[in-house]
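Next come the chains, spelled out residue by residue.
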4 protein chains.
Amino acid sequence: MNFASDNTAPVHPSVLQALAAANEGYAMSYGADPLTLSVQDQIREIFEAPDAAVYLVATGTTANALSLACLGAPWQTVFCHRHAHIQEDECGAPEFFSGGAKLTLVDGAHGKIDPDALKLAILGEQTRGVHGVQRGPLSITQTSEKGTVYSLGELKALTTMAATYGMPVHMDGSRFANALVSLGCTPAEMTWKAGIDAVSFGGTKNGLMGVEAVILFDAEKAWEFELRRKRAGHLFSKHRYLAAQMDAYLKGGLWLDMAKHANATCFDLADKLSKKSNVRVHTTPQANILFADWSRATHQKLHEAGAAYYLWSGDLDAGDPDEMLAARIVCDWSASADDSAAFLALFD
Amino acid sequence: MNFASDNTAPVHPSVLQALAAANEGYAMSYGADPLTLSVQDQIREIFEAPDAAVYLVATGTTANALSLACLGAPWQTVFCHRHAHIQEDECGAPEFFSGGAKLTLVDGAHGKIDPDALKLAILGEQTRGVHGVQRGPLSITQTSEKGTVYSLGELKALTTMAATYGMPVHMDGSRFANALVSLGCTPAEMTWKAGIDAVSFGGTKNGLMGVEAVILFDAEKAWEFELRRKRAGHLFSKHRYLAAQMDAYLKGGLWLDMAKHANATCFDLADKLSKKSNVRVHTTPQANILFADWSRATHQKLHEAGAAYYLWSGDLDAGDPDEMLAARIVCDWSASADDSAAFLALFD
Amino acid sequence: MNFASDNTAPVHPSVLQALAAANEGYAMSYGADPLTLSVQDQIREIFEAPDAAVYLVATGTTANALSLACLGAPWQTVFCHRHAHIQEDECGAPEFFSGGAKLTLVDGAHGKIDPDALKLAILGEQTRGVHGVQRGPLSITQTSEKGTVYSLGELKALTTMAATYGMPVHMDGSRFANALVSLGCTPAEMTWKAGIDAVSFGGTKNGLMGVEAVILFDAEKAWEFELRRKRAGHLFSKHRYLAAQMDAYLKGGLWLDMAKHANATCFDLADKLSKKSNVRVHTTPQANILFADWSRATHQKLHEAGAAYYLWSGDLDAGDPDEMLAARIVCDWSASADDSAAFLALFD
Amino acid sequence: MNFASDNTAPVHPSVLQALAAANEGYAMSYGADPLTLSVQDQIREIFEAPDAAVYLVATGTTANALSLACLGAPWQTVFCHRHAHIQEDECGAPEFFSGGAKLTLVDGAHGKIDPDALKLAILGEQTRGVHGVQRGPLSITQTSEKGTVYSLGELKALTTMAATYGMPVHMDGSRFANALVSLGCTPAEMTWKAGIDAVSFGGTKNGLMGVEAVILFDAEKAWEFELRRKRAGHLFSKHRYLAAQMDAYLKGGLWLDMAKHANATCFDLADKLSKKSNVRVHTTPQANILFADWSRATHQKLHEAGAAYYLWSGDLDAGDPDEMLAARIVCDWSASADDSAAFLALFD
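Under an unreviewed UniProt entry, the name given to chain A is Low specificity L-threonine aldolase, and the organism recorded is Qingshengfaniella alkalisoli. Looking at the Sequence similarities (unreviewed entry) heading of the UniProt record, one finds this comment for chain A: "Belongs to the threonine aldolase family." Chain A has a UniProt comment under Subunit (unreviewed entry) that states "Homotetramer."

Structure (structure tokens):
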């Protein structure tokens, strides 16, 4: 019964097999091995982007920070949701990698940037000439931190606005696959066809040990990216083991299958939880994350029974037993029906 | 016949087994898992340093740059060998992580810092008050880039000098194990007992996929290290897979066995090469790297036969066939007697 | 009729005289001249802070950014008002000097940080351990960007809260003198006695060419400050000309006289404007800045008549002539009664 | 008898007059005043560079560091003389402003970069692909720190080599005027016609309080320069006082007259010193700096008599009275014949 995060899940068995298979004899280091080249080609094909620059890094923070550093400049501000991972969970990585850029925080319900709020934010910056920071990249999180998914229309509305003001657009896709299968569109449709310039294409949260791809649809900054990656310590010498993971991920659409399973588990859980009299599901989930309220007493009971998830508001121990407190439930690729059933049973 | 680098080698089978074993069910993320805690304890025990702060990162560049950033300040200069990895092979990582520190390059034969040259370099800096950068950490590479190993006496001479000028000392130990088994001393003797304040304890070059430990013998900067690591994108969410590798590395002294094998292969190769009439071995190797000269014609013959190693000087294709050109030969944990024999046979 | 900014004003004649007087023969460079030492002592005496470190720099942005870099760390966030100069008017200087710190923006009416909003902001940061940035310095602007002045009680409320969370406090005093004479207290009372750790003591806006002092009440970071200043290009070689300006500023309380005059001019203007039927003064000014509304048509008339001030909202040219638009009026040390009278006459 | 540095000299009286003249009434701030615009035009005209971007800053370190940050990138290395001001006297300013670039130190006699040494240095960098830093700008100091002057041919040899490797060229001209009058060429000939891309055009050492111009002959990076200047705290609000100094400097060729006087004083001093039996002048000076040896006893005598200059080698107090020790003598615009005579008399 672990719904704490998709980071706490194991990796898919085929990833281990791929690592073992890649472990034969010698291979060129630093990404010059055939497996890396193959994976880069596969990603270009999957994204229908033959000219894109594709790189593998080991963490999502790195994928985001390197992308934003390439898209922007130190004297710019990155526009993102007030609760974006790059703002709240990366200890200032965008600031560090960029050499001191700002983040401008934009509001929006359910973890999604509100277009009107974005417009106000954009208009609010770069109004003082050289005295203020300049408008830099827009960063959109798909799937958002609240588990919501931008529709293609919503994406286009945001990227069109960014384009109007000359701002490039980055997509934090640490849960890219979950959004993609939710929308039922192609990777190209959810990225460059929707106006995205660079994407952090996540693997770690969806069944890998630690691999994310960065895709720069315009390869102009490719060499800059490589130099930034190296000097940030993110160029792996035994690069084949990053490539092997990503290769397993892509093979036969495993990445999509894992995301579908995670989403389906979440949808099922939401459905069943919503039928419990003592549970209030916030909104119908769109990917593999759901938020719901139940009483402190129920939280305590679940906690004692070993159910793992984030208490999103309030204090587990102190307060009225009947007070409703929010929970964040994340379903990962390995989530089992048994776990869901056991979890649900605790509400009875 | 691959002697190009210890980075081109595969990982030890027990590492793969450890990854598989660690892949059971859920585990706390970001280093809060039991395996990580166990590995940290094991390292403290191996280094006889119960109060040390121990961290795992994925690349040697990161281990070095984070250590130096914690030991120094942006307005300082790091003293290192002119051909140190931090100077030549990290694309400015120490400068990036530190926020713009300098490196002062010190000469010395065979890749080792000469104490007199170091003293001159130290005296040459910080002579202009606020106008010049201030003396910062000394970084020593053990095993050096030239495959040589500092004796304990040599280490102490350098660290004593550093202490005289108030400078902390970092050890780049990407080939720590190779030096250790060469000296036949304990990890404590080669580090804190010899005046080292922080060490990059390498695993990647010696049989792991990509794990290095940083050991801060004085834990005062532990929290700063953790924040720097996080904001540099080097805190792994699925941290257990770093820990599993390091656990396998330490178990039963595997790390020492692998280093002994690599060194022994190198010593044997040097011995046999030195008996070839057409080969001139530079100096008796002390670890797993040897340098030797042979003619361009021989290089070409070896190259065509598929022998992989670095041509350390000159041009393979253009020039006098009899001209002697240097080769760098690196023996890794997986080096086979058959490979050595096949390689040697090419000289006949 | 120039009320655009105190930056557009000339310098006081005695400043020019002091420069001429300082221009005799040779003097030690880089701040080792007797005049600099004297000025540092004078400031220590005026602030009743015999152990403080005192430095002169040429711009307010520099004073702020160097102070904050010394008080904080790259992985921290600086708390400041949403419309603070360090946020809106320094093109990311705090981020640049600090090496990538964040700013957390706090609301509050009339340009002053609201204590409740500050508490919420503080509680909102550093809730995610190593994942988020850490709490750093609080920066308070006295006089605020809206021309308001924190009372001593208000200052203490904010600094006490900061102290509770271990946060040092910086005061951006680019209009320090205007606030001081408004409160009628001593410099010590408005700074270290109120819990301020470092102050940017402004001179440029109040009659100098370009000199601000930074006072670090705890001199522990004095040497760090000097190194940061030097490497940022802010250590003047012919330092005596900074010192001469500051010397003239302090002599006989000129700085206080100039601020009193500027404030009095502003109070008088506010009083008379408030009696105009077509003017709405926002709040009674506390220093040398006032905000007021009048119609677009009046703005146009004033503009044509050569009155200089900032249109704080709306568009001068396009829109309903009767629409009320805000103006910012800044009175400087040289403001003349004739100018005020001429300006007021335009409203009739 | 002050020959310590041109930084210890007073400013020319006409500079004070210009400041007074500029102090009439209100003026636009931040460089939008007419005097600034006029000065920029004058500099463009003097340099025959109608499209150049021209900026005023207050210190030479700033002029250099901002220029180099615009010409290069964080992952590059700046080539400069081993004893260049940017290496030895700016406390890491180029590293700070650039975001962590390196400096590659090039040897050369008498403070001038040796072309062969430069070629070797260039060939030594960027040999390892992404692993090493990339070749960045070349910085040439004219007049050099040793008081020597590059001929136009020497300049072209260096800039041509830089161009071959795609490297832009910066000139640190803190003593630009002294070199120019020494060569007897035009500003254009010594800069863009000789292959210079950006120049720090010094004023402070040659009679101003603290003003240097940066000239970017290619204005492509003009806006980047302005943003970097602002966020580094180097955009002066009361900008007219920088402009007034530069205006006086240029008016009637005052800058050239002052440099000629300083050089002539130096030449005369060298001539007369070389005739003293107990003095050994190093090389015939080319600008306003000379180096010469005399005995420790003579140094002590001069020191007691109040002669101020830098002891360039050895210890004044301890050692053989007859040992020859080097002195650095700098002649400034205000150097008097009486001072020279008094100084020379001390050698008899």
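Trainee: Which parts of the structure should I look at to understand the overall build of chain A?
Mentor: In terms of regular secondary structure, chain A is built from 14 helices and 11 strands. What you see for chain A is a C-alpha radius of gyration of 21 Å, in line with the 20 Å of a compact globule of 348 residues. Considered along the principal axes of its C-alpha atoms, chain A spans approximately 60 × 60 × 35 Å. Residues counted as buried form 64% of the 348 residues belonging to chain A. Counted over contacts in chain A with a minimum sequence separation of 6, partners at least 24 positions apart contribute 75%. Mean positive and mean negative side-chain charge positions of chain A (28 and 40 charges, respectively) differ by 3 Å.

Trainee: Looking at this structure, how should I read the pattern of salt bridges?
Mentor: Any two side chains of opposite charge can pair, given that their charged atoms come close. Under the criterion given, the structure shown has 64 salt bridges over all chains. One salt bridge connects Arg128 of chain B with Asp89 of chain D, and the closest N-O pair in it is separated by 2.8 Å. Taken together, the positions of Arg128 of chain B in the loop between α6 (115-124) and β4 (134-141) and Asp89 of chain D in the loop between α4 (85-88) and α5 (93-98) put the pair across two chains. Asp89 of chain D sits in the buried class, given a relative accessible area of 13%. With its nearest N and O atoms 2.7 Å apart, the salt bridge here joins Arg82 of chain C to Asp107 of chain C. Of this pair, Arg82 of chain C sits in the loop between β2 (76-81) and α4 (85-88) while Asp107 of chain C sits in the loop between β3 (102-106) and α6 (115-124), placing them 25 residues apart in sequence. Residue classification places Asp107 of chain C among the partly exposed residues on the basis of a relative accessible area of 41%. The structure contains a network of salt bridges with shared partners spanning Glu88 and Asp89 of chain A together with Arg128 of chain C.

Trainee: Please explain the relation of the copies chain A and chain D as it appears in this structure.
Mentor: Each copy of the chain is related to the other by a rotation around an axis and a translation along that axis. Aligned on chain D, chain A shows an RMSD of 0.0 Å; the corresponding rotation is 180° and the shift along the axis is 0.0 Å. Viewed as a symmetry operation, the transformation between the two copies matches a two-fold axis. Taking the C-alpha atom as reference, chain A places Gly99 of chain A closest to the rotation axis, 3.1 Å from it. Interface overlap between copies: 100% of the residues of chain A at the interface are likewise at the interface in chain D, consistent with a symmetric, same-surface contact.

Trainee: Looking at this model, I keep getting lost on the packing of helix α2 (residues 34-46) of chain C against helix α11 (residues 240-250) of chain C. Mind explaining?
Mentor: The relative placement of two packed helices is expressed as an angle between their axes plus a distance between the axes. All names here are of chain C. Direction vectors running N to C along α2 and α11 enclose 40°, while the axes themselves pass 8 Å from each other. In this structure, α2 meets α11 at a crossing whose hand is left-handed. In this structure, α2 uses Leu35, Thr36, Ser38, Val39, Gln42, Ile43 and Ile46 to contact α11, whose residues at the interface are Arg240, Ala243, Ala244, Met246, Asp247 and Leu250. Partitioned by chemical class, the residues of the contact of α2 with α11 number eight nonpolar, three polar and two charged.

Trainee: What is the right way to look at the interface of chain A and chain B in this model?
Mentor: Many structure descriptions define interface size as the accessible area lost when the parts assemble. Taken together, the 48 residues of chain A in the interface contact 48 residues of chain B. The junction of chain A with chain B conceals about 4000 Å² of combined surface from both sides, 58% of it contributed by carbon and sulfur atoms. Counting the surface chain A buries against chain B, the share from its top three residues, Tyr26, Arg231 and Lys238 of chain A, is 21%. The tally of links between chain A and chain B comes to zero salt bridges. Linking chain A with chain B are 35 residue pairs in polar contact (both at pLDDT 80 or more), by the criterion used here. Of all the elements in the fold, those that place two or more residues in the side of chain A that touches chain B are α1 (13-22), α3 (60-71), α5 (93-98), α10 (222-231) and α11 (240-250) of chain A. Class assignment for the residues of the side of chain A that touches chain B results in 23 nonpolar, 16 polar and nine charged.

Trainee: Would you take a moment to explain the relation of the copies chain A and chain B for this structure?
Mentor: Each copy of the sequence occupies a distinct position, and chain A is placed on chain B by a rotation of 180° and an axial shift of 0.0 Å, giving an RMSD of 0.0 Å. A shared interface surface links the copies, since 100% of the contact residues of chain A are contact residues in chain B too.

Trainee: So what exactly am I meant to see when it comes to the interface of chain A and chain D here?
Mentor: Across the boundary between the two partners, chain A contributes 18 residues, which contact 19 residues of chain D. Contact between chain A and chain D buries roughly 1600 Å² in total, counting both sides, with carbon and sulfur atoms accounting for 70%. Of all residues in chain A, Trp75, Val130 and Arg231 of chain A bury the most surface against chain D, accounting for 42% of the area lost on that side. Here chain A is connected to chain D by zero salt bridges.

Trainee: How should I be thinking about the packing of aromatic side chains in this particular structure?
Mentor: Geometrically, a pair of aromatic rings is defined through the distance of the ring centres and the angle of the planes. All told, the structure shown has 70 aromatic pairs over all chains when counted by the stated rule. Aromatic side chains Phe201 of chain B and Trp255 of chain B sit 5.1 Å apart centroid to centroid with 80° between the ring planes, which places their arrangement in the edge-to-face category. Pair noted here: Phe201 of chain B is in strand β6 (residues 198-202) and Trp255 of chain B is in helix α12 (residues 254-274), with a separation of 54 residues, a long-range link. For Phe201 of chain B, a relative accessible area of 0% corresponds to the buried category. On the numbers, 5.2 Å between centres and 70° between planes, the contact of Phe291 of chain C with Trp312 of chain C is edge-to-face. With Phe291 of chain C in strand β9 (residues 289-295) and Trp312 of chain C in the loop between β10 (310-311) and β11 (324-330), this pair connects stretches of sequence that are 21 residues apart.

Trainee: Please explain the sheet that holds β10 of chain C as it appears in this structure.
Mentor: Two pairing modes exist for strands in a sheet, parallel and antiparallel, and in both the strands are linked by backbone hydrogen bonds. Residues and elements named next belong to chain C. Strand order in the open sheet formed by four strands is β8-β9-β11-β10, and the pairing between neighbours is antiparallel. Of all strands in the sheet, those with a lone pairing partner are β8 (280-281) and β10, marking the two edges. The sheet contact formed by β8 and β9 spans two bridges and is antiparallel. Considered in β9, the bridge of Arg280 is made with Asp293. Strands in contact with helix α12 (residues 254-274) are β8, β9 and β11; relative to β9, the strand with the most contacts, it is inclined by about 25°.

Trainee: Help me understand the sheet that holds strand β4 (residues 134-141) of chain A in this model?
Mentor: Residues and elements named next belong to chain A. The strand order across the open sheet built from seven strands is β1-β7-β6-β5-β4-β2-β3, with neighbouring strands paired in mixed fashion. Strand pairing shows two members of the sheet lacking a second neighbour, β1 (53-57) and β3 (102-106), which therefore form its edges. Going across the sheet, the axis of each strand differs from the next one's by a mean of 20°, ignoring polarity. As judged from the four bridges shared by β4 and strand β5 (residues 169-173), these two strands associate in the parallel manner. Bridge pairing in β5 links Ser139 to His170. Sheet strands in contact with helix α6 (residues 115-124) are β2 (76-81), β3 and β4, and its direction is about 145° off that of β3.

Rules behind the numbers
- Within each chain, residues carry numbers counting from 1 in the order of the written sequence.
- Each chain is given a letter, starting from A, and each ligand a number, starting from 1, according to the order in which they appear as written.
- Predicted model: local features are reported for residues with pLDDT of at least 70 only, side-chain atom pairs are reported and counted for 80 or more only, and whole-chain, interface and lining totals are derived from all residues.
- The basis for the side-chain values is all heavy atoms of the structure; hydrogens and waters are excluded.
- UniProt positions are given in the numbering used here, feature names are shortened, and annotations may be inferred rather than shown by experiment.
- Each helix is a run of H or I in the DSSP string that is no shorter than four residues. Each strand is a run of E no shorter than two, and both are numbered from the N terminus.
- In this setup the radius of gyration rests on C-alpha atoms only. A globule is expected at 2.2 Å times the number of residues raised to 0.38.
- Any residue under 20% of the maximum accessible area for its type is buried, any over 50% is exposed, and the rest in between are partly exposed; the area is computed with a 1.4 Å probe on protein chains only.
- Contacts: residue pairs with any heavy atoms within 4.5 Å of one another.
- We treat Lys and Arg as the positive residues and Asp and Glu as the negative residues; His and chain ends play no part in the count.
- Here the site of a charge means atom NZ of a Lys, CZ of an Arg, CG of an Asp or CD of a Glu.
- Between Lys or Arg on one side and Asp or Glu on the other, a salt bridge is scored when a side-chain nitrogen of the former is within 4 Å of a carboxyl oxygen of the latter.
- Only residues with pLDDT of at least 70 in both copies contribute their C-alpha atoms to the least-squares superposition of the copies.
- Note on geometry: axes are lines fitted to C-alpha atoms, helical ones only across the stretch in contact, with angles between N-to-C directions running from 0 to 180 degrees.
- The hand of a helix crossing depends on one turn: near helix anticlockwise from the far one by less than a right angle means left-handed, and clockwise means right-handed.
- Side-chain classes are defined by residue name, with Ala, Val, Leu, Ile, Met, Phe, Trp, Tyr, Cys and Pro counting as nonpolar, Asp, Glu, Lys and Arg as charged, and the others, Gly among them, as polar.
- When two parts are put together, the accessible area they lose, computed with a 1.4 Å probe and summed over both, is reported as buried area.
- As used in this structure description, the phrase polar contact means that two N or O atoms lie within 3.5 Å; if the pair is within protein, one of them must be able to donate a hydrogen and the other to accept it, and residues adjacent in sequence are counted only when both atoms belong to side chains.
- For Phe, Tyr and Trp, where Trp contributes only its six-membered ring, two rings pair if their centres lie within 6.5 Å, and the inter-plane angle classes them as stacked under 30 degrees, edge-to-face over 60, or tilted in between.
- DSSP calls a pair of strands paired once it identifies at least 2 bridges connecting them.

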